[in-house]
Amino acid sequence: MCGIVCYVGEKQARPILVGGLKQLEYRGYDSAGIAVLEGGSINCQRSVGKIVELEKKINALEMNGTMGIAHTRWATHGEPTEHNAHPHTDQTRKVFVVHNGIIENYSSLKKKLQKGGYRFYSETDTEVLAQLIGIAFEGDLTEAVRKTISKVEGTFGMAVIHQDVPGEIVVARRGSPLVIGLSDDGHFAASDVSAMVRYTNQVIHLQDNELATLRKDDFVISTARAEPIQRTIETVEWRAEDAELDGFPHFMLKEIYEQPETVRNAMRGRLEPGEGVPKLGGIIPVWEELRRCRHLVIVACGTSYYAGCVGRYAFEKLTDIDVEVEVASEFRYRKLNFPPNTFILALSQSGETADTLAAIREAKRKGARLLGIVNVVGSSISRETEAGIYNHAGPEIGVASTKIFTSQLTILILLALLLGRHQNLSLTEGVEAIRALQLLPEQIQKVLSQANHIEAVAEKYHACQNWLFLGRKFSCPVAMEGALKLKEVSYIHAEGYAAGEMKHGPIALITPEMPTVAIMPKDDMYEKMVSNIQEIKSRKGPVIAITTEGNKELGDIADEIIETPATLDFLNPILAVIPCQLLAYYCANLLNRDIDKPRNLAKSVTVE
Ligand code: AGP
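Below: a short report on this structure.

Procedures and definitions
- Residues numbered from 1 in each chain as written.
- Predicted model: local features only at pLDDT ≥ 70, side-chain atom pairs only at ≥ 80, totals over all residues.
- Heavy atoms only, no water.
- Helix = DSSP H or I, 4+ residues; strand = E, 2+ residues; numbered from the N terminus.
- Rg over C-alpha atoms; globule rule 2.2 N^0.38 Å.
- Buried < 20%, exposed > 50% of the residue type's maximum accessible area, 1.4 Å probe, protein only.
- Contact = heavy atoms within 4.5 Å.
- Axes fitted to C-alpha atoms, helices over the stretch in contact; angles between N-to-C directions.
- Parallel < 35°, antiparallel > 145°, perpendicular 65-115°, else oblique.
- Left-handed = near helix turned anticlockwise from the far one by under 90°.
- Salt bridge = Lys/Arg side-chain N within 4 Å of Asp/Glu carboxyl O.
- Near = heavy atom within 4 Å.
- Polar contact = N/O pair within 3.5 Å; in protein donor to acceptor, adjacent residues only side chain to side chain.
- Areas by Shrake-Rupley, 256 points an atom, 1.4 Å probe, with all protein chains shown as cover.
- Core = buried A, V, L, I, M, F, W, Y, C linked by side-chain atoms within 4.5 Å.
- Pairing = 2+ DSSP bridges.

**Topic: the overall build of the protein**
Then step 1. Helix and strand content of the protein: 19 helices and 27 strands.
Then step 2. Computed over the C-alpha atoms, the radius of gyration of the protein is 25 Å, within 12% of the 25 Å expected from 2.2 N^0.38 for a compact globule of 608 residues.
Then step 3. For the C-alpha atoms alone, the extent of the protein along its principal axes is close to 80 × 55 × 45 Å.
Then step 4. Counting only residues that meet the buried cut, the protein has 61% of its 608 residues in that class.
Then step 5. A sequence separation of at least 24 residues applies to 71% of the contacts in the protein between residues at least 6 apart.

Have a look at this one:
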């Protein structure tokens, strides 16, 4: 997820664009760039790092002009370097493009262009867009962009300028957000209103496959088939600083609500529903060895570790692979001895967690092959593993990881499904699994619609100083993660436990002041969970049950019931964790905690 902003009007573009980038920085901050057109030439500057680095660079330069485009990057294709930073240009150096999204067929397009003699300077998908627009340009920039988007698959929010078309910016959208801003001083477009709300609150949200041609005094919106369309102008209520949070009080809540989209992104371009098999380009380099792998060790820390624990159950259900899950800070000191063709799978949002890095280096020393599932492109773990899969979930700013957990589960299940389909999993089982995966985004939306009910439950129990989270099988790691979320942001002491362990000790803790969150979908563990919560009820412990919608059997034994839509047992953790995330958020909010920057924690633990 990157941030783009552009402006054409009366005023000097540079300060408007730089100000807009700063508002969008939460979307990505590994590199940035700007291109301003004046007097028939385009001045383009790029830099690695946060916006301040770009600002330092251009402050020393003349960069006048009343129109321009700018970008802050969250790398997807190609590491965060100056030559991969946006804006990108074509071979004529006349077309400049900033882009937020992923062009899925960029490599085949690039190969075709290279065969035609076109040279490329970056590893990005966006440079392919610039080349295609340059080739299609015959004087009308809007038509050139329209022709180009008919050739590309994937997502984009893009803004384009051409040296020979002063006074005009063309923007287009498919899948990535893009808002147009209208003011007496000119026209804006950006990934979200935060970049322009300082200048206007009159906006139009472009829909998928729509283009807009922006000029100082007018703008035209049209479809991919060149039909002109009218769109209603909306009024934005927010202040600039609020918009960064897009109206949410905290990044944690915003990221919880992003999960329908981030789970969709984790699957984007990776499903072949007809074949019932996922396609994961990132592991092609090791596929021949991986498909024969019989021993997989998942290594991670914190929330990523709990995601790995769910992953193990999924691998055991869908493949014949023997799977271990290891806490990285312990694993690195173990006496490791791997059977041949062992793969290590490192899970990490930041890709910089010191313990996980050290663990994979130790495993490599002992001859294991290294894979990664990482969110931050170009991070150390993504560079030190031989192959891997990116989450494409965008920056996670809240220290308490939420959207990355569900994204990691989705990708772990895609990987298990891919390997399983190359072992004993049938086409029918594959198709059924992919159909259920595709239902997840709207099912997550359904769980989120219960937020008020979950807030009321938090209202009732947030003063309790000790909580227990229980689950069995797929739900057991969800219980651990639920307890971790509550601990991290509310500072309430919480324990996640395998429910079957209760009678071996923890049941001694049960009192009327200790709520238990029981994750108990209607799966093959359900009946056992019912007897576990009956043991708690008989000792007057309050029970908050997270169960499958339509289950009317718990009315007598659960004090609170939160329902999640029915899905396959190995997908249920993706739905069941969301009420746990919201419970933690609302308890922390009721206790006035600093939710996005909890005490003693850091977003990325780069020290041992
Ligand atoms: C989770 O909310 C915490 N931020 C923490 O446990 C985190 O999951 C852990 O530090 C691992 O981080 P990583 O995924 O970036 O490697």
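**Describing the packing of helix H10 (residues 302–318) against helix H17 (residues 475–490)**
Each pair of packed helices gets described by two things: the angle between the helix axes and the distance between those axes.
Then step 1. One can describe the packing of H10 onto H17 by two numbers: an axis separation of 9 Å at closest approach and a directional angle of 170 degrees. Judged by the angle between their axes, H10 and H17 are roughly antiparallel. Judged by the twist between their axes, the crossing of H10 over H17 is left-handed. In contact with Gly302, Thr303, Tyr306, Cys309, Val310 and Tyr313 of H10, H17 contributes Pro477, Met480, Glu481, Leu484, Lys485 and Glu488.

**With respect to the pattern of salt bridges**
Then step 1. On inspection of all chains with the given rule, the structure shows 38 salt bridges.
Then step 2. A salt bridge links Asp355 to Arg332; the shortest N-O distance between them is 2.9 Å. Placement of the pair is Asp355 in helix H12 (residues 354–365) and Arg332 in the loop between helix H11 (328–331) and strand S20 (342–348), with a sequence separation of 23 residues.
Then step 3. Taken together, the salt bridges that share partners define one network made up of Glu10, Lys216 and Asp217.

**Comments concerning the site of the ligand**
Then step 1. Taken together, 14 residues lie near the ligand, and Ser304, Ser348, Gln349, Ser350 and Thr353 sit nearest.
Then step 2. Between the ligand and Ser348 there is a distance of 2.6 Å, counted from an oxygen atom to a side-chain nitrogen or oxygen.
Then step 3. Protein contact buries 92% of the 410 Å² of open area that the ligand shows by itself.
Then step 4. Mapped onto the shell around the ligand, the elements with two or more residues apiece are H10 and H17.

**Concerning the nonpolar core**
Across soluble globular proteins, nonpolar side chains show a tendency to be buried alongside one another.
Then step 1. Ranked by size, the top nonpolar core spans 94 residues in total, and within it Ile283, Leu290 and Trp467 carry the most contacts.
Then step 2. Take this core: its biggest share by element is 13 residues, from helix H19 (residues 572–590).
Then step 3. Beyond its immediate chain neighbours, meaning those up to four positions away, Leu290 contacts Ile283, Phe343, Leu371, Leu415 and Leu419.
Then step 4. Counting 26 residues, the second largest nonpolar core, distinct from the first, contains Leu132, Phe137, Ala144 and Leu211.

**Some details on helix H4 (residues 126–136)**
Owing to its 3.6 residues per turn, the α-helix brings residues three or four apart onto one side.
Then step 1. Within H4, 9 of the 11 residues are buried, which leaves the element mostly enclosed by the surrounding structure.
Then step 2. What H4 keeps buried is the set Thr126, Glu127, Val128, Leu129, Ala130, Gln131, Leu132, Ile133 and Ala136.

**With respect to the environment of Ile51**
Then step 1. Within the secondary structure, Ile51 is located in helix H2 (residues 51–59).
Then step 2. Using a relative accessible area of 1% as the deciding quantity, one classes Ile51 as buried.
Then step 3. Put simply, Ile51 and Tyr29 are 22 residues apart on the chain and 7.2 Å apart in space, counted from C-alpha to C-alpha.
Then step 4. Beyond its immediate sequence surroundings of up to four residues, Ile51 is in contact with Val18, Leu21, Lys22, Glu25, Ala32 and Thr72.

**Some points on the sheet that holds strand S10 (residues 186–190)**
Then step 1. With antiparallel pairing, the 8 strands of this open sheet are ordered in space as S3-S2-S4-S1-S10-S9-S11-S15. The open sheet has two edge strands, strand S3 (41–48) and strand S15 (234–235), and neither has a second partner.
Then step 2. Relative to S3, strand S2 (residues 31–38) runs antiparallel, the two sharing 8 bridges. Looking at the pairing, Ala35 lines up with Cys44 of S3.

**Focus on the pairing of strand S27 (residues 560–564)**
Then step 1. Side chains of S27 alternate between two faces, with Glu560, Ile562 and Thr564 buried and Ile561 and Glu563 left unburied.
Then step 2. Here strand S26 (residues 543–548) runs beside S27; their pairing, made up of 5 bridges, is parallel. By the bridge assignment for S27, Thr548 is matched with Thr564.

**A few points about the environment of Leu470**
Then step 1. With respect to the helices and strands, the residue Leu470 is situated in strand S23 (residues 466–471).
Then step 2. On the basis of relative accessibility, which here comes to 0%, the residue Leu470 falls in the buried class.
Then step 3. A C-alpha to C-alpha distance of 8.6 Å links Leu470 and Met529, two positions 59 residues apart in sequence.
Then step 4. Other than its neighbours up to four places away in sequence, Leu470 contacts Ala479, Tyr497, Ala499, Met502, Thr516, Val517, Ala518, Ile519, Met529 and Ile536.

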